[in-house]
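Observations on chain architecture
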Amino acid sequence: MSFGFDARRKQAVFRQTLSTAARTPTDDKMRRNRHLLAHGCEEENLMPCLRGPGGATDFFGKRSIEWWNDPERTGDRAGAAPTRNLASSQVACVNFLLPLASIPDALLEVLRAIDSDVIEVVPIVDWDGNSSPVEFEWIGWRKPLEGGQFIRGKYKTSADAVIVARTPSGQRAYVFEWKYSEKYKGEPLHGNDDTRRGWYAARFAAPTSAFIGAAPLDDFLFEPCYQIMRLLLLADRMMEEGVTRDLRVDEARVVVACPAANDDYRRIVKKTQLARRFPHLDMVEEVVRATLKEPGRFSIVAQENLVATLRASTLAPSLAFWLDYHRERYGW
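All of the points below concern the structure found in this document. Numbering of residues begins from 1 in every chain and follows the order in which that chain's sequence is written. Selection of residues for local features in this predicted model requires a pLDDT of at least 70, selection of side-chain atom pairs for listing and counting requires 80 or more, and totals for whole chains, interfaces and linings are taken over all residues. Derived side-chain values reflect all non-hydrogen atoms in the structure, with water molecules and hydrogen atoms excluded from consideration.

Let us now look at helix H6 (residues 89-97). When a residue's accessible area, from a 1.4 Å probe over protein chains only, is under 20% of the maximum for its type it is buried; when over 50% it is exposed; and in between it is partly exposed. Numbered from the N terminus, helices here are DSSP runs of H or I no shorter than four residues, and strands are runs of E no shorter than two. Of all the nine residues making up H6, nine are buried; the element is thus mostly covered by neighbouring parts of the structure. Regarding H6, the residues found buried are Ser89, Gln90, Val91, Ala92, Cys93, Val94, Asn95, Phe96 and Leu97. Put simply, Ser88 is the residue that caps the front of H6, since its side-chain oxygen is 3.3 Å from the backbone nitrogen of Gln90. Polar contacts here mean pairs of N or O atoms no more than 3.5 Å apart (in protein, one a potential hydrogen donor and the other a potential acceptor; neighbouring residues in sequence count only if both atoms are side-chain atoms).

Attention now goes to the pairing of strand S8 (residues 298-301). Neither face of S8 is open: one carries Phe298 and Ile300, the other Ser299 and Val301, and all of them are buried. Two strands qualify as a pair provided that DSSP identifies no fewer than 2 bridges between them. Bridge analysis of strand S7 (residues 251-257) against S8 gives four bridges, and the strand direction is parallel. Note that in S8 the partner of Val256 across the bridge is Ile300.

Before going further, it helps to examine the packing of H6 against helix H14 (residues 320-330). Two elements in contact, H6 and H14, have axes separated by 10 Å at closest approach and are oriented at 155°. Our classification of the angle between H6 and H14 gives roughly antiparallel. The segment H6 lies against H14, with Val91, Ala92, Asn95 and Phe96 engaging Trp322, Tyr325, His326, Arg329 and Tyr330. Note on residue categories: nonpolar means Ala, Val, Leu, Ile, Met, Phe, Trp, Tyr, Cys or Pro, charged means Asp, Glu, Lys or Arg, and polar means any other residue, Gly included. Broken down by class, the residue content of the contact of H6 with H14 amounts to six nonpolar, two polar and one charged. Axis lines are fitted to C-alpha atoms, over the contacting stretch for helices. Their N-to-C directions set the angle, which ranges from 0 to 180 degrees. Angles below 35 degrees are treated as roughly parallel, those above 145 as roughly antiparallel, those between 65 and 115 as roughly perpendicular, and all remaining angles as oblique. Throughout, a contact is declared for two residues whenever any of their heavy atoms are within 4.5 Å.

Another point: the packing of helix H13 (residues 303-311) against H14. Across the interface, H13 lies against H14 with an axial gap of 11 Å and an inter-helix angle of 145°. Viewed along their axes, H13 and H14 form a crossing whose handedness is left-handed. Two secondary-structure elements touch here, H13 through Val307, Leu310 and Arg311 and H14 through Trp322, Leu323 and Arg327. Among the residues forming the contact of H13 with H14, the class breakdown is four nonpolar, no polar and two charged. Handedness of a crossing is defined here by the sense of rotation of the near helix relative to the far one, left-handed for an anticlockwise turn of less than a right angle and right-handed for a clockwise turn.

This part covers the environment of Ala92. By the element assignment, Ala92 lies in helix H6. Non-local contacts of Ala92, meaning those with residues more than four positions away in its chain, are made with Trp178 and Tyr330.

This paragraph deals with the environment of Asp218. Counting through the fold element by element, Asp218 comes out in the loop between helix H8 (193-205) and helix H9 (225-241). Put simply, Asp218 and Arg196 are 22 residues apart on the chain and 9.3 Å apart in space, counted from C-alpha to C-alpha. Of note is the side chain of Asp218, whose polar atom sits 2.9 Å from the side chain of Arg197.

This part covers the pattern of salt bridges. Basic side-chain nitrogens of Lys or Arg form a salt bridge, by our definition, when they fall within 4 Å of a carboxyl oxygen of Asp or Glu. The tally for this structure, following the rule as stated, stands at 25 salt bridges. Salt-bridge contacts for Arg172 lead to Asp117; the nearest nitrogen and oxygen are separated by 2.9 Å. Residue Arg172 is located in strand S6 (residues 170-178), and its partner Asp117 is located in the loop between helix H7 (106-112) and strand S1 (120-122); the two are separated by 55 residues in the primary sequence. Under the relative-accessibility criterion, Arg172 is labelled buried at 2%. Overall, Asp117 belongs to the partly exposed group, its relative accessible area being 29%. Note that Arg253 and Glu251 form a salt bridge whose closest N and O atoms lie 3.3 Å from each other.

Now for the side chain of Arg196. Among the secondary structure elements, Arg196 is positioned in helix H8. The contacts of Arg196, once residues within four sequence positions are left out, are Leu189, His190, Gly191, Ala201, Leu221 and Tyr226.

Grouped together as the largest cluster of nonpolar side chains are 59 residues, with contacts concentrated most on Phe96, Leu97 and Phe136. Those residues within four positions of Phe136 in sequence are excluded, and the remaining contacts are Phe59, Phe60, Ile65, Cys93, Val94, Leu97, Leu98, Arg152, Ala159, Asp160 and Ala161. Here, nonpolar core means buried Ala, Val, Leu, Ile, Met, Phe, Trp, Tyr and Cys residues that are tied together by side-chain atoms lying within 4.5 Å of each other. Judged by nonpolar contacts, the second largest core, of 49 residues, contains Trp138, Leu145, Val256 and Val284.

It is worth spelling out the side chain of Thr74 at this point. Among the structural elements, Thr74 can be located in helix H5 (residues 71-74). Owing to a relative accessible area of 7%, Thr74 belongs among the buried residues under this scheme. Side chain to side chain, Thr74 and Asp76 meet in a polar contact 2.8 Å long. If we ignore the near neighbours within four places in the chain, the residues touching Thr74 are Lys29, Leu36, Thr83, Arg84 and Asn85.

Before going further, it helps to examine unusual backbone geometry. Here the amide bond leading from Glu223 into Pro224 is cis, since omega sits at 10°, within 30 degrees of zero. On the secondary structure map, Pro224 appears in the loop between H8 and H9. With a phi close to 55°, Ser64 is a non-glycine residue in the positive phi region. Within the secondary structure layout, Ser64 lies in the loop between helix H4 (56-62) and H5. A positive phi angle, near 50°, is found at Glu137, a position not held by glycine.

Here it is in structure tokens:
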């Protein structure tokens, strides 16, 4: 049984705790996939504290962030609402981080589980004056890596979440990618590789690039390494932008949050050219770090380890609602 199958089965069980309307099939896709919600009940994919006015949909709406959806596979309807897919990684990210933004030192505790030198979380003020200790679907300051239209969360390189922290040496951005049930087979990407080279080649080879030249850009043209490569280039540019923006960034790290048991994501696909360059390495994290000037700029962490840190902290009493929800829904 794959991790993804088990995760979807777990979400099907969780669906039974939601409203009758949310778990009553409204179409054939929902009848065949018990981890999908009924149309019109998509907000029940969010923690109760994130639903309704002032919740996650308003947070996304104020920032013109697009929710991930998949009309073909999951039957999502276009609109300002989350996907109906209970196994969504974007929803898992929002459910994890956004409630913690309103609890003093909670996000700080999460970052300290990654780096012990973090002193405090620095609020991010975007170009429209919105302020938050955590932002979602971050693509940079008005200019995506790929150029073109500025839309957060759609068709561009975007981090699932960004948090900025003060450290003894300055300010460090944490560029998060959130994974749950994803599985990749190392297949070539769809579309035009020449277009991709046009977007990323110069930045990939630049003196300021995170990459050391141990592998060419073309070796990264498969998932999940393609996405990781782009996020590292986004992190490079955030440090450059920090020179001219109010939000100074002296360091930027890419962190993938992925369950420890999801080997379908964590293990490198051996048939890929990138993996062949490092035949002694078995994990995506190891292979990517081997291509970087500073290996510490990339890491993969398990959500359950972050939860365990919070559960053991002095913040646990104030996080009881959050801890109970994640234990029931995700088993963390």
